[in-house]
Amino acid sequence: MSTHVMVVDDDAGIRDVVREILEDEGYDVAVAANGHEALERIVAAAPDVVLLDLNMPVMTGWELQRRLRVLEVMAPVVFMTAGNNAKREAGQHAAAGYLAKPFELNDLVAVVERLTTTVKA
């Protein structure tokens, strides 16, 4: 059984690069362009990890994470944000981690690996 990662970002270029890198690492990756689209997909097929942009149209990352908590979705959430306060945002909103944009691809793989190893253990 492969590990399922959901990538939520309104920037198609970021979604495509993240998907390609993680698929090359052997992960099963789904993508969504906004929080509303992601919520539907997460409820339908619970991912092992959610990589979540915070500033998106339709439904922000903060709102999506709040709704996931209400629905008791247990997948760890990693904030991907260009904001200067990525670490603080992650701490305030109980995210499992953060990637400050622009992030190194090695950091992306490392955080997903760390969280999926924890999930599988």
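Residues numbered from 1 in each chain as written. Predicted model: local features only at pLDDT ≥ 70, side-chain atom pairs only at ≥ 80, totals over all residues. Heavy atoms only, no water.

S.K.: Go over the environment of Gly61 with me, naming the residues and quoting the values.
M.R.: In this fold, Gly61 is placed in helix 3 (residues 61-70). Of the residues examined, Gly61 reaches a relative accessible area of 0% and is grouped as buried. Linking Gly61 and Asp11, residues 50 residues apart in sequence, is a C-alpha distance of 13 Å. In this view, Gly61 contacts Leu52, Asp53, Leu54 and Met56; residues no more than four positions away in its chain are not counted. (Helix = DSSP H or I, 4+ residues; strand = E, 2+ residues; numbered from the N terminus. Buried < 20%, exposed > 50% of the residue type's maximum accessible area, 1.4 Å probe, protein only. Contact = heavy atoms within 4.5 Å.)

S.K.: Please give an account of the pattern of salt bridges that cites residues and values.
M.R.: In total, this model carries 6 salt bridges according to the counting rule given. Close ionic contact of Lys101 with Asp9 constitutes a salt bridge, the shortest N to O distance being 2.6 Å. Pair noted here: Lys101 is in the loop between strand 5 (97-100) and helix 5 (105-120) and Asp9 is in the loop between strand 1 (4-8) and helix 1 (12-24), with a separation of 92 residues, a long-range link. A single burial state applies to Lys101 and to Asp9, both of which are buried. Between Asp53 and Lys101 there is a salt bridge, with the nearest N and O atoms lying 3.3 Å from each other. Of this pair, Asp53 sits in strand 3 (residues 49-53) while Lys101 sits in the loop between strand 5 and helix 5; the two residues are 48 residues apart in sequence, bridging distant segments of the chain. Accessibility classification places Asp53 together with Lys101 in one group, the buried group. One connected set of salt bridges, linked through shared partners, spans Asp9, Asp53 and Lys101. (Salt bridge = Lys/Arg side-chain N within 4 Å of Asp/Glu carboxyl O.)

S.K.: Could you give me a rundown of unusual backbone geometry, with the residues and numbers involved?
M.R.: Most of the time, phi is negative for any residue but glycine, and the peptide bond is trans. Residues Lys101 and Pro102 are joined by a peptide bond in cis, for which omega reads -5 degrees. Residue placement: Pro102 occurs in the loop between strand 5 and helix 5. Positive phi outside glycine occurs at Val58, with the angle close to 75 degrees. With respect to the helices and strands, the residue Val58 is situated in the loop between strand 3 and helix 3. The phi torsion at Glu72 lies on the positive side, around 60 degrees, for a residue other than glycine. Residue Glu72 is classed as exposed on the basis of its relative accessible area of 63%.

S.K.: Tell me about the pairing of strand 1, and please be specific about residues and values.
M.R.: With respect to burial, strand 1 is a largely interior element, 5 of its 5 residues being buried. Burial of the side chains of strand 1 extends over both faces: His4, Met6 and Val8 are buried on one face and Val5 and Val7 on the other. Pairing of strand 1 with strand 2 (residues 28-32), which is carried by 5 bridges, proceeds in the parallel orientation. What sits directly across from Val5, in strand 2, is Val29. A crossover links strand 1 with its parallel partner strand 2, the connecting element being helix 1, and its sense is right-handed. Note: strand 1 against strand 3, 4 bridges, orientation parallel. (Pairing = 2+ DSSP bridges. Right-handed = clockwise from strand over helix to strand, strands pointing away.)

Read these as layout, nothing more, since geometry by itself doesn't imply function.
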